[in-house]
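A structural walkthrough
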Amino acid sequence: MSDRAYSLFEEQQRARGIDLNQVKEQLKAFQIETPSWGYGDSGTRFKVFQKTGVPRTPYEKLDDAAQVHRVTGLCPSVAIHIPWDKVDDYGKLRSHAENQGLKIGAVNPNLFQEDDYMLGSVTNTDPAIRRKATDHLIECVDIAKETGSRDISLWFADGTNYPGQGDIRKRKAWMHEALSELYKALTPEMRMLIEYKFFEPAFYHTDLADWGMAYNYARKLGPQAQVLVDTGHHAPGTNVEHIVAYLIDEGKLGGFHFNARKYADDDLIVGTTNPYELFLIFYQILSAARDEDVAIRSTVNNIAYMIDQSHNIEQKIPAMIRSVLNAQTQFAKALLINHEEIAEAQEKHDVLGAEDAVRRAFEFDVTPLLHAFREEQGFPVDPMRVYLSSSYGQDILARGKGGASW
């Protein structure tokens, strides 16, 4: 992208009252955590398509994640999933990450892949299974202490398939019991992020079905418990940005799992099916960042942006690069919103004027801005091209097949 293209873009934005130097400062602060499991083989309910060269160990997952950060500058942390990423020495894993310019991010317990959990983990009628599940949650706190992680990211598959299969209110109480014990085990620096999902793998009811249930638990537990919004975990047509604004206002938005969906929890590459929704999510966040309330701004400043995707047919590293770049693109567009113009239209009851002020920012091509920003920061102007032209993708083929997310 030529200097002239950027100069024209800068002039255009200045005329709208947008200072691109301020925009670039905000772009510097935007970081996205990639998931270790996004680099391994995964699949649908029907088949896992094994790829040559996927990681065989948690250490190799970190190696691949380092490649994404190297070309994008966006991804300095990697979430881990236990026991998929279980190792004998978590201090060694932490050191390996740091040697790659990374840090270990959120620790994700796994309470859905053992036979004992077929009818529930922390909500199982068997107290021994509930104890086993809760002990695993506490184990993940201990792992977080060793890895220097702040967040324990929680998603439960618990639910039922048929009416009468379980006592919904008893299960609610058991869920709260387990979460309370986990909460007490946190250090003062840690947070627990409570995720929800309205269906799947349970098809009649899910114990943590929506953001309201997650919020209710977080409110009862205390300030270190917050809600995690997965963009694929809602019923079709749900206004996700409305949920985002509400949780920010309540001081309970802890983070995101970004992905894309068309029909259900498709776990597709971010920004590929509804980029406008992603843009509008960032609009609500950036609007709240301007609030006079210090507590609101503090909530915004502590949001964890994370990817949670299942790359079934795609090559893992290029898919992750595409994901984080798509998120950066929509964040950059949201930074071009003129909030004073929107406020003025709202005061005048100018419905179309307010809508136009939002949409106009979305319609800009931010390529000149992102190219200039990356160049100034010392990152490749075209991260995907640089990765694909490197030898790394060929080098890792020597791993053969057989890698997995777990």
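What you see is a predicted model, and the numbers here were worked out from it, not measured in a lab. (Residues numbered from 1 in each chain as written. Predicted model: local features only at pLDDT ≥ 70, side-chain atom pairs only at ≥ 80, totals over all residues. Heavy atoms only, no water.)

1. Quick word on the overall build of the protein
Counted only if it meets this: Secondary structure follows DSSP: runs of H or I at least 4 residues long count as helices, runs of E at least 2 residues long count as strands, and numbering of each begins at the N terminus. Computation of the radius of gyration draws on C-alpha atoms alone. For the globule rule, the value is 2.2 Å times the number of residues to the power 0.38. Throughout, exposure labels follow a simple rule: accessible area from a 1.4 Å probe, protein chains only, divided by the maximum for the residue type, with under 20% read as buried, over 50% as exposed, and the rest as partly exposed. By the convention used here, residues are in contact when the closest approach between their heavy atoms is within 4.5 Å.
The helix and strand tally for the protein stands at 16 helices and ten strands. In terms of overall size, the protein behaves like a compact globule, its C-alpha atoms giving a radius of gyration of 22 Å where 406 residues would be expected to give roughly 22 Å. A buried classification covers 55% of the 406 residues belonging to the protein. For the protein, restricting intrachain contacts to residue pairs at least 6 apart in sequence, the fraction spanning at least 24 positions comes to 80%.

2. A few points about the pairing of strand β2 (residues 77–82)
Within a regular beta strand, the side chains point alternately toward one face of the sheet and then the other, so they alternate between its two faces. Condition: Two strands are said to pair when DSSP picks up at least two bridges between them. Here a crossover is taken to be right-handed if, once the strands point away from the viewer, the path from the first strand over the helix to the second is traced clockwise.
Counting buried positions along β2 yields six of six residues, so the element is predominantly enclosed. Where burial is concerned, the two faces of β2 agree: the one with Ser77, Ala79 and His81 and the one with Val78, Ile80 and Ile82 are both buried. Strand direction decides the pairing type here: strand β1 (residues 34–35) and β2, joined by two bridges, are parallel. Counterpart to proline 35 in the pairing with β2 is alanine 79. Two elements, β2 and strand β3 (residues 103–109), share five bridges in a ladder whose sense is parallel. What sits directly across from isoleucine 80, in β3, is valine 107. In this fold, β2 hands off to helix α4 (residues 90–99), which returns the chain to β3; that crossover is right-handed.

3. Here's the deal with unusual backbone geometry
Isoleucine 82 connects to proline 83 through a cis peptide bond whose omega is 15°. In this fold, proline 83 is placed in the loop between β2 and α4. Backbone torsion omega between glutamate 200 and proline 201 reads 10°, so that peptide bond is classified as cis. One non-glycine residue, glutamate 200, lies in positive phi territory at about 75°. Looking at where glutamate 200 falls in the secondary structure, it is placed in the loop between β6 (191–195) and β7 (205–206). One non-glycine residue with positive phi stands out, namely aspartate 267, at about 55°. Looking at the element boundaries, aspartate 267 is found in the loop between β9 (253–258) and α9 (275–289). Overall, the relative accessible area of 14% leaves aspartate 267 in the buried class.

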